[in-house]
Amino acid sequence: MIQWPFYGKWIQGFVWLIGATLVLGCSWHQGTDETTRENKTMAPTTSFVAQTVKPGMKDILETTLPNGLHVILKENHSAPVVAMQVWVGVGSNDEKPDQAGMAHVLEHMLFKGTQKRGVGEIARDVEGAGGDINAWTSFEETVFHIVMAKDFAEQGLDILSDAVFHAALDETELTAELEVIVEEIKRGEDNPAQKLSEDLFGMSFDQFPYKNPIIGSKESVRSFTRDGVMAFYKGWYIPQNMTVVLSGAFKNEEMLSLVRKHFGEEPAGLMPDRLSVEEPAQVALRVRQKQDAVQQSYVALGVQIGGIQDEDLPALDVAATVLGQGDSSRLVRLLKRERGLANEVHTYPYAGKEKGLFIIEAELPTQTTREALALILDELYRLANEEITKAELTKAVSMMENEVIYQTQTVQGQARRLGYFHGLTGDCGFHEEYLDRIHAVTVADVLDVAKRYFTPDTLNVALLSREDKPPLFADEDLAGLVRDRAERAARKHEALAKPDEHGIVRVTLENGIRLLVQENRNVPLVSFQAAIPAGLRLENEENNGVSNLISRMLTLGAGRYDALDIAQQADSLGATLNGFSGRNTIGLKAQVVSKNLDKLFDLFSECLLDPSFDKVELEREKTLVLEEIQNKRDIPSQVAFELFNKTLYKHHPFRMDVLGTPESVKRFVRSDLEEFYKKNLVPERLVIAVSGDVSAARMVRMVERNFGRLKPFEREYLLPEPENAPKRERRETLELDKQQAHLVMGFLGTTFEDKDRFALGVMMTVLGGMSGRLFTELRDKQSLAYSVFGFHMEALDPGFLAIYIGTSPEKLLQAERGIREQLTRLRDELVPDEELERVRRYLIGTQAIGLQRNASLAGNLLFNELYGLGYDEHLRYAEAIRNVTAQDVQRMAQRYLRLDAPVVVTVRPPASADEQTNSTKTVSQR
């Protein structure tokens, strides 16, 4: 059979020779001897003195017989079986143009009879002894193998030696077999994957024999004569061009005697000259497109690499494993599991003696070919621009070691490994050296080789698509795609490689998602948050409270997880995961130790992208919200602010409660939440912010992987009209059966974008801090209240500034008068320098204290970007506060503290008859 490099395995089931495990073998323990490596390079000797035990190779005996035949024996008594192989050092690489396919013809003919065994007798004798016999041909060798019970091992040796040294090559049988091989060629031409593999090798090499099909062509095979085949056979099938490899239940010394008996008497021959070909370096992109009667598209990408002993191969091997081997590899996960763009995708390096090819092969539905090929190129070029993670490196090395173990469970697997490495390197123990080199690979090594090998000018792209459809690309378009994706990857890397002066990286992904990352390696924690503009601002009377319910439901079922699954996963990872919403946004936030980042981010992504809005959970959550709405009546200060919002805002959604109303919450069904969320979850509106022990490059990869499926689309959003400031005083009173009265006096404020907010912040701190004027005058001096403060709230639409005091009902008038006095003072007088400086220091210090935590840093990045302030606005806060002057504070007071038109609300115990007479309006509720 022929060995074709395809999907990390040989077709016909030989998975041991190529792929991530191309140059790996079994990892048994080995003994010591210092003589073997010298003996391997010696000429055949006249006496049987070359037998040795290889350094570190326990239970292995390696020697060269006097006639030049090399012998490798591996004693293994795990099963009463012996694997016997003869590795002949000739393959399609050694063929002259008029011999194309001849090595493979001999593979067939050696089983067609010998001088003492007729046609069919070899297979009959092997099967009669309960054995199995087969052979294969590759670029560099032809291999014949038998597996038999140990009791028949000598019979197997006799059959193999007879076949390789005494083939009859009957002319009639040859003529018949050539037609069989022509049918084999036709079968290969009908196999699109094999055909594409041939095309890839053919276009990737100009001169080197890898450009030629191992099997030859129909024309070359039909041209063969017995004399030509016999000459090829006599020239290459000589002892010094063979290695006999046995593994199984035998004693090495006893088996060596049998090998000597059956193989040692053959005379040495004269080795033919091997072809020597120089392959010029590839300097330009090569593309090739074909159409055929296929149902899907087949894509193969190849890059020339060195041979099996090339120093770059271990890092390339790791790159291939990371890229496309295993269900969690980048390409398999992205194209098959997440995007559903590919039916199969594999990556592996094929490495021969001198040359090799790094290969990516994929089977794709026709309609996804363009998108899938673009993503394949993205991932390939990403290796050349970003380091793989240490976790990916560790996983790749582990996978390669494990595959070695799996492939050497049998004695035939062990024999194949020994023969393979000896044939390509001259060292049957090369696998140990190679494993050491794999363990020495670093993430920097992988990046280095990827930079040098994975460029458009070194790339070969072969595409096979349906003939009943228009071509998927013009050649220039395909070449343009290859180069465009390389340029995109380089631009993205350049952006990632240049964080701002604060170490913050901002990236806009292809679908419009904005990602901000600030590395903070002080502690092994990562905080990340994501949000979209929504919230109360986009609600109305009918759906009031929908944003709050959505935020609560994000972690109560998503994708394949129910609420309990999500909670248990977060707990097991030592993580927090919570939804949030407010006046302007809906979002999700999380924090986890950095070693568990990948797992939590996957869960975070699923919750954000695919919440289930489970009906049972929704009804349960609605009940809780209704209870919260009801329970707010127990806290008069909350009631006061709710009344203040309703009084200040007459038409804007900020007049409503973020929780909703009992009527609106009761009406909600699953589709209401789904519709609102889907409408607002647009990638161009989504911002993700990260702070902690993680690199920006890694976060970009994770966000692309998890959020790449979110497609951009245009939506129209009906934004509310901004509220106008009251032109006259508005006053409301609500009576509750409570002990204390609560007063809120306030005014319409400003937006996030208004630079006045810094001076407003200073002004409100002058009024309302612990050492502020309201506290000092109304609490400390006049004993009017336990709690009195002032604050301001900005939003995407104008917010408010307000003063709150909780006092006795009989002190309400005095309290309001005292507030007005302090507001008038601010309007009329400049704040003294000492007081102003104290307030500025307080604000700057408080912000600095708050920014110690990753969650706070991520939150600032998120909302600054989301609100259009510039992601680093929080870093300019201190300077902005320092620049606030006393004149600025007075200007804010005169602009916003409109004492002729305040909004004043009170929540108080029922008023007496005299008090009711003085009220402008009373609403009683008990």
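Fair warning: this is a prediction, and the values are worked out from it, not measured in the lab.

Two elements, strand S15 (residues 504–508) and strand S16 (residues 514–519), share five bridges in a ladder whose sense is antiparallel. What sits directly across from Val507, in S16, is Leu515. Adjacent in sequence and paired antiparallel, S15 and S16 are bridged by five residues, among which Gly512 carries a positive phi angle near 105°.

Okay, the packing of aromatic side chains next. Following the criterion strictly, the structure yields 36 aromatic pairs and no others. On the basis of an interplanar angle of 35° and a centroid distance of 4.4 Å, the ring pair of Phe139 and Tyr210 is categorised as tilted. Of this pair, Phe139 sits in the loop between strand S7 (132–137) and strand S8 (142–149) while Tyr210 sits in the loop between helix H6 (192–204) and helix H7 (218–222), and the two are 71 residues apart along the sequence. The buried category is assigned to Phe139, whose relative accessible area is 1%. A relative accessible area of 1% means that Tyr210 is categorised as buried. Ring centres of Phe601 and Phe604 lie 5.6 Å apart, and the angle between their planes is 25°; on these two criteria the pair is classed as stacked. Linking Phe601 with Phe604, this pair stays in helix H20 (residues 597–609), spanning three residues, or about one helical turn. Judged by relative accessible area, Phe601 falls into the buried class, the value being 0%. In textbook terms, an aromatic cluster arises when at least three aromatic residues are bridged by ring pairs, as seen for Phe139, Phe201, Phe205, Phe208, Tyr210 and Tyr350.

On to the nonpolar core. Membership of the largest hydrophobic core comes to 77 residues, with the highest contact counts inside it found for Leu301, Val318, Phe358, Phe454 and Leu459. With nine residues, the top contributor of residues to this core is helix H12 (residues 369–383). Residue contacts for Leu301: discarding those within four places in its chain leaves Leu200, Phe358, Ile359, Ile360, Leu373, Ile376, Leu377, Leu459, Asn460 and Val461. Counting residues in hydrophobic clusters, the runner-up holds 59 residues, among them Leu509, Leu603, Leu609 and Val694.

A word on the pattern of salt bridges. Scanning the entire structure with this criterion turns up 65 salt bridges. Note that Asp125 is salt-bridged to Arg124, the shortest N-O span being 3.8 Å. Across the pair Glu510 and Arg485 runs a salt bridge whose closest N-O atoms are separated by 3.4 Å. Taken together, the residues Glu510 in the loop between S15 and S16 and Arg485 in helix H17 (residues 475–496) connect sequence positions 25 residues apart. For Glu510, a relative accessible area of 58% translates into the label exposed.

This next bit is on the packing of helix H3 (residues 121–128) against helix H4 (residues 153–165). Taken N-terminus to C-terminus, the directions of H3 and H4 make an angle of 165°; their axes are 10 Å apart at the nearest point. Relative to H4, the element H3 lies roughly antiparallel. Remark: the crossing between H3 and H4 carries left-handed chirality. In this structure, H3 contributes Ile122, Asp125 and Val126 to the contact, and H4 contributes Gln155, Ile159 and Ala163.

Turning to the sheet that holds strand S20 (residues 576–581), a few remarks are in order. Strands in a sheet are paired, the pairing made by backbone hydrogen bonds, and the direction either parallel or antiparallel. In spatial order, the strands read S15-S16-S22-S17-S21-S20; together these six strands make up an open sheet with mixed pairing. In this open sheet, the two edge strands, each paired with only one partner strand, are S15 and S20. Strand after strand, the sheet turns through a mean of 15° between neighbouring axes, direction not considered. In the sheet, S16 pairs with strand S22 (residues 687–692) via six bridges, with the strands oriented parallel. Paired with Leu515 across the two strands is Ile688, which belongs to S22.

Before going further, it helps to examine the packing of helix H27 (residues 773–781) against helix H28 (residues 812–828). Look at H27 against H28: their axes get within 10 Å of each other, and the N-to-C directions meet at 150°. Classified by the angle their axes make, H27 and H28 are roughly antiparallel. Crossing angle aside, the handedness with which H27 passes H28 is right-handed. Across the interface between the two elements, Arg773, Leu774, Glu777 and Leu778 from H27 touch Ala815, Gly818, Ile819, Gln822, Arg825 and Leu826 from H28. For the contact of H27 with H28, the residue count by class is five nonpolar, two polar and three charged.

Our next topic: the layout of surface pockets. The volume enclosed by the largest pocket comes to roughly 1,200 Å³. For the largest pocket, the lining is made up of 41 residues, of which Glu379, Arg382, Arg701, Glu704 and Arg705 are closest to its centre. When its residues are assigned to classes, the lining of the largest pocket shows 11 nonpolar, seven polar and 23 charged. The volume enclosed by the second largest pocket comes to roughly 690 Å³. Lining the second largest pocket are 25 residues, with Arg757, Glu794, Asn860, Glu873 and Tyr877 sitting closest to its centre. Take the lining of the second largest pocket: its biggest share by element is six residues, from helix H26 (residues 756–768).

Here we take up the side chain of Asp657. By the element assignment, Asp657 lies in the loop between helix H22 (636–648) and helix H23 (662–667). Among the polar contacts made by the side chain of Asp657, one reaches the main-chain amide nitrogen of Leu659 at a distance of 3.1 Å. Once residues within four sequence positions are removed from consideration, Asp657 is found in contact with Leu536, Asn544, Lys632 and Glu642.

Bridging between S7 and S8 involves six bridges; their strand directions are antiparallel. Pairing of Asp132 across the sheet is with Val147, part of S8. Here S7 folds back onto S8, and the loop between the two strands holds four residues.

Looking now at the confidence of the model for the protein chain. Caution applies to low-pLDDT parts of the model: their predicted coordinates are not meant to be read in detail. The predicted model of the protein chain averages 88 in pLDDT, with 92% of residues at 70 or higher. Segment residues 2–56 is flagged for pLDDT under 50; beyond a separation of four residues in sequence, or across chains, it makes 188 contacts in the model. The low-confidence segment residues 917–926, where pLDDT is below 50, has 16 contacts with residues more than four positions distant or belonging to other chains.

This paragraph deals with the side chain of Glu816. Here Glu816 lies in helix H28. Residue class for Glu816 comes out buried when judged on its relative accessible area of 9%. One polar contact links Glu816 to Arg731, side chain to side chain, over a distance of 2.7 Å. In this view, Glu816 contacts Arg731, Leu743, Met745 and Val904; residues no more than four positions away in its chain are not counted.

Despite not being glycine, Leu169 has its phi angle at roughly 50°, a positive value. Note that Leu169 resides in the loop between H4 and helix H5 (171–189). Within the chain, Phe613 stands out as a residue other than glycine whose phi angle is a positive 50°. Among the structural elements, Phe613 can be located in the loop between H20 and helix H21 (615–631). A relative accessible area of 2% means that Phe613 is categorised as buried.

Reading guide: rules and limits
Residues numbered from 1 in each chain as written. Predicted model: local features only at pLDDT ≥ 70, side-chain atom pairs only at ≥ 80, totals over all residues. Heavy atoms only, no water. Pairing = 2+ DSSP bridges. Helix = DSSP H or I, 4+ residues; strand = E, 2+ residues; numbered from the N terminus. Phe/Tyr/Trp six-rings, centres within 6.5 Å; stacked < 30°, edge-to-face > 60°. Buried < 20%, exposed > 50% of the residue type's maximum accessible area, 1.4 Å probe, protein only. Core = buried A, V, L, I, M, F, W, Y, C linked by side-chain atoms within 4.5 Å. Contact = heavy atoms within 4.5 Å. Salt bridge = Lys/Arg side-chain N within 4 Å of Asp/Glu carboxyl O. Axes fitted to C-alpha atoms, helices over the stretch in contact; angles between N-to-C directions. Parallel < 35°, antiparallel > 145°, perpendicular 65-115°, else oblique. Left-handed = near helix turned anticlockwise from the far one by under 90°. Nonpolar A, V, L, I, M, F, W, Y, C, P; charged D, E, K, R; others polar. 1 Å grid on protein atoms, 1.4 Å probe; cavity = no way out; pocket = protein on both sides within 12 Å on 5 of 7 lines; lining within 4 Å. Points joined across faces, edges and corners; volume = space filled by probe spheres on them. Polar contact = N/O pair within 3.5 Å; in protein donor to acceptor, adjacent residues only side chain to side chain. pLDDT = per-residue confidence, 0-100.

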